[in-house]
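# Residue-level structure breakdown
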Amino acid sequence: MTQAPLQSTPLALIGAGHTHLVGLRRWRDRGFRPPAGSVLINPDPEAWYSGMMPGLLAGRYQPEDCAIALEPLCANLGIELVIGQLAELNADQRLLRLDDGRQYQAELLSLNIGSSPACLLQDGSLPVIPVKSFATLYRQWRLWRDGHAPVNLALAGAGPAAFELALALQASLPNSRISLIGSTPLLARHPSTLQRRALRLLHERGIDYQLDQLTGIRQGRLLLASGIELEGFDALVLATGAQPHACQQTSGLRCDPLGFIAVDSCLRSLSHSAILASGDCAKVPDSHHCGVHAVRQGQTLADNLQALLCQQPLQRYQPQSRTLALLDTSDGRALLSYGQLAAAGRWARWWKTWLDTRFISQHRIQ
């Protein structure tokens, strides 16, 4: 097979995650255009907004409400949109190889590629549907909704995504029995009052929550760390914590012990000064993996990429000490937490809807 020619670019943005979307919007608003020949590489022509997935499954949104077309945004900034999946990265040479063999060499590189589903030892005896990617889960849900719903459906996870999806699936698949398995207390990073309210909601909706760690699947049984084996499930939705992409650990980039790219407070790689990383693929000081932090990093990333292109000083990203969380409960209400504050109500769902739809409209170019 003939090797694809190497293409050079002054700037390569890998992934259309929340941070890159916010960064592109900031450039557009400020009238900045990156150098000619810059590229955005992403597996899909749209960027899906994950915060709206529960609302989509619960029937409040249509797919087109939750996606941002990338071509108009890129065209507005003079950036070429390249549809492809990153397969290999050589950080020393800033060399990228896509899964179809195309190769790019970038003078400046920014990674916002998110995370991959957690690895699970399994024998293929049970369908496993990862929450990421958004489109994959949505396609499977449509098959279930249209008459192939599982009688017993398990979800693995204890965070906001798993909680919201459990409620959304219960609302949209009323003939399915939903069970949630988490390796930590439900919503462990949130106030105890919110945790208790969330557990009560699950109980009221007939959703079991089992505190145990899912370790694998064998002969259709879910294997738990406690030694318990659960049987009778027809499918598993995997909504566990973020795992780094394999290409990060073979790239030559310095990574933390878990494999996430180690960056400084300016979002610059600790080992390669011409590479920046943000969002779920990076270990940002004093920050953790969540959509709120990824969005907040966008302005700093945009400013620092522009500064590097223009040989100007970099700015430091200062994470919020408290973050706002709004969790859709698929009944017209939402749960809210902010620091140690916890609340719930229809007003919270209205607030979440306003924030989500505003994010889409801010980044969409007609």
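This text gives an overview of the structure that appears in the document. Bear in mind that the values here come from a model prediction, so they are computed numbers and not experimental data. (Residues numbered from 1 in each chain as written. Predicted model: local features only at pLDDT ≥ 70, side-chain atom pairs only at ≥ 80, totals over all residues. Heavy atoms only, no water.)

### Things to note about the sheet that holds strand 23 (residues 341–345)
Using the following cut-off: DSSP-based pairing: two strands are paired if at least 2 bridges between them are found. Working definition: helices are DSSP H or I runs of at least four residues, strands are E runs of at least two. Numbering for both runs from the N terminus. Fitting a line to C-alpha atoms yields each axis, with helices limited to the stretch in contact; the angle taken between N-to-C directions then spans 0 to 180 degrees.
One open sheet holds the 3 strands; their spatial order is 21-22-23, and the pairing between them is antiparallel. Of all strands in the sheet, those bounded by a partner on one side alone are strand 21 (324–328) and strand 23. Across the sheet, the mean angle from the axis of one strand to that of its neighbour is 15°, orientation sign disregarded. Bridge analysis of strand 21 against strand 22 (residues 334–338) gives 5 bridges, and the strand direction is antiparallel. Among the inter-strand pairings, Leu326 is bridged to a residue of strand 22, identified as Leu336.

### As for unusual backbone geometry
Note the threshold: Burial status follows relative accessibility: with a 1.4 Å probe on protein chains alone, a residue under 20% of its type maximum counts as buried, one over 50% as exposed, and anything between as partly exposed.
Unlike most non-glycine residues, Leu187 shows phi in positive territory, near 55°. Mapped onto the elements, Leu187 comes out in the loop between strand 12 (177–182) and helix 6 (192–204). One non-glycine residue, Leu267, lies in positive phi territory at about 70°. For Leu267, a relative accessible area of 0% puts it in the buried group.

### Considerations on the pairing of strand 15 (residues 221–224)
Relative to strand 15, strand 14 (residues 214–218) runs antiparallel, the two sharing 4 bridges. Its bridge partner lying in strand 15, Arg218 is registered against Arg221. Counting the residues between successive antiparallel strands, the hairpin from strand 14 to strand 15 contains 2 residues, one of them, Gln219, with a positive phi of roughly 50°. Of the strand pairs in this sheet, strand 15 and strand 16 (residues 229–230) are connected by 2 bridges, and their pairing is antiparallel. Following the sheet pairing, Leu222 is matched in strand 16 by Leu230. Counted along the chain from strand 15 to the antiparallel partner strand 16, the turn is 4 residues long, and its residue Gly227 has a positive phi close to 100°.

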